[in-house]
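Residues per chain are reported as follows:
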Amino acid sequence: MAVPVAFFALFFAYPVTAIVGRGLKAEGDWQFGRIGEVLSRPDILDVLWFTTWQALASTALTLLIALPGAYVFARFDFPGKQVLRAVVTVPFVLPTVVVGTAFLALLGRGGLLDELWGVRLDTTVWAILLAHVFFNYAVVVRTVGGLWSQLDPRQEEAARVLGAGRFAAFRRVTLPALAPAVAAAALMVFLFTFTSFGVVQILGGPAYSTLEVEIYRQTAQLLDLPTAAVLTLVQFAAVGGILAVHAATVRRRERALKLVDPAQTSRRPRGAGQWALLCGVLLTALLLILLPLGVLVERSFDGPGGYGFGYYEALQSVGAGGSSTFLVPPLEAVGNSLRYALVATLIALVIGGLAAAALTRRAGRLVRGFDALLMLPLGVSAVTVGFGFLITLDKPPLDLRTSWILVPLAQALVGVPFVVRTMLPVLRAVDDRLREAAAVLGASPLRAWREVDLPLVRRAVLVAAGFAFAVSLGEFGATVFIARPDNPTLPVAVARLLGRSGELNYGQAMALSTILMLVCAVSLLLLERIRTDRSGEF
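Residues numbered from 1 in each chain as written. Predicted model: local features only at pLDDT ≥ 70, side-chain atom pairs only at ≥ 80, totals over all residues. Heavy atoms only, no water.

Some remarks on a positive patch on the surface
On the surface, a cluster of positive charge is contributed by Arg160, Arg166, Arg267 and Arg270. You can see Arg160 is positioned in helix H8 (residues 153-161). (Patch = residues over 30% accessible without salt bridge, like charges linked within 9 Å, V, L, I, M, F, W, Y side chains within 5 Å. Areas by Shrake-Rupley, 256 points an atom, 1.4 Å probe, with all protein chains shown as cover. Salt bridge = Lys/Arg side-chain N within 4 Å of Asp/Glu carboxyl O. Lys, Arg positive; Asp, Glu negative; His and termini not counted. Charge placed at Lys NZ, Arg CZ, Asp CG, Glu CD. Helix = DSSP H or I, 4+ residues; strand = E, 2+ residues; numbered from the N terminus.)

Focus on the packing of helix H19 (residues 432-440) against helix H20 (residues 445-474)
For any two helices packed against each other, one specifies the crossing angle of their axes together with the interaxial distance. One can describe the packing of H19 onto H20 by two numbers: an axis separation of 9 Å at closest approach and a directional angle of 155°. In terms of orientation, H19 and H20 fall into the roughly antiparallel class. Here H19 runs over H20; the crossing is right-handed. Touching Leu434, Arg435 and Ala438 of H19 are Ala448, Val452, Asp453 and Leu456, all from H20. In terms of residue class, the contact of H19 with H20 is built from five nonpolar, no polar and two charged. (Axes fitted to C-alpha atoms, helices over the stretch in contact; angles between N-to-C directions. Parallel < 35°, antiparallel > 145°, perpendicular 65-115°, else oblique. Left-handed = near helix turned anticlockwise from the far one by under 90°. Contact = heavy atoms within 4.5 Å. Nonpolar A, V, L, I, M, F, W, Y, C, P; charged D, E, K, R; others polar.)

Considerations on unusual backbone geometry
A positive phi angle is found at Thr123, which is not glycine, with a value near 60°. Note on placement: Thr123 falls in the loop between helix H6 (112-117) and helix H7 (125-148). You will see that Leu223, though not glycine, has its phi angle at about 55°, which is positive. Tracing the sequence through the fold places Leu223 in the loop between helix H11 (211-221) and helix H12 (225-256). For Leu223, a relative accessible area of 62% puts it in the exposed group. (Buried < 20%, exposed > 50% of the residue type's maximum accessible area, 1.4 Å probe, protein only.)

So, a nonpolar patch on the surface
Residues Leu283, Leu286, Leu287, Leu290 and Leu291 make up a contiguous nonpolar surface patch of roughly 420 Å² in combined accessible area. In this fold, Leu283 is placed in helix H13 (residues 271-301). A relative accessible area of 47% places Leu283 in the partly exposed class.

The structure is reproduced here in structure tokens:
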């Protein structure tokens, strides 16, 4: 536990408490009255209301659209099922900047809807809601569908034999069993949309601002640290409550159900109704997932002189078309992002692997507190973490403001929870008697780990590395503060291009987003090849 605790204390707790302290202190004294002052401001109340409202609306819309997909993946067996599973999961690992850019190409000025019907939905709440459904569709499909596929269908069939109708059998038998999984999925979707940043920043315009966007505005544009500190505390408290409720629902789900092999519950669709449902899910995947991504790719090739590689070629030069957005060719962001993500993945595997190993040794409240510590980066604004890096890691021996390692450290903070959640169930499943037998035969603890644990958890390590790499590659909230102008990452480069006017900047943003999407998609497809049936569930 020592190394992960030291890592989180130095690179998470210290920067966050420092920036919050600067915001709530005046002349050395704590000014807690500022909390009430900030939360009573009409503009801040509007931000809190919109953040909560859009998260609730996004969650409800996601459940409505994704639950039929969860049923199809759980109960139906059809050609291309694994490919479709990978396709619907691609949005989950895509950076939010890419999601925002894809919907901008579909719904924004000059987008597909604008060209066909003269309709623009960017800078409206509908663009934000649709992008959130796109982003979180896989969370519901994988979380609810994973459990649904393991529920014994004979229980519902028995209710039908006893006279219950199809809907009554579902409502009284299947739905109560699914309720913990639905609640867990809903809470995770609410968490992701409550802390939304990149999507709202790109699609919402100045009229809409979530807590995360407002923290960024108050910090980077207005330099109002007291307001940013109060909003950080509010977001931390809200997300902490969400994670606590989520943990309770997951524990309930683990204890209450008897599950069967998914292979026993999956069969080919029967009858017109089931085939219609399957076709409806396929059409939803086409319109909701493939269409935005396809329009994004199409716009990246649609240059002023017709279709071609003009925007991609412009990425190789500085100041193409008179633009001074970058100090280096934008294409260098690809190499920067890959190097940063690889280093961040290595750090996340070391820290997360040690943390998961520590959590397998049950020690009551101490271990539960340690487990909660690992989830804290999901509950604190990434913007706060990034700005905290700048104001704390600026003195020897930790003067890292000009060091390249700062970006991978920030990215690793987000990757560690994914590593822990992937490796922990597998480590806990390793029989202690195998380690004891190795020790009796003379193996040292290190050799026992190498000869016993590592072969059993090797696949989980690869899955965890894939998740950590994809998450690190798309990290934006903290990186936007600490990425140097001469070493931008892909998400930061896309945001900078979208922030400048001009057709060339817009086209280059589409091209870079396409490259980032392809890198993430390849990572996910490799992940699908090495994952076990149960390790792929969220």
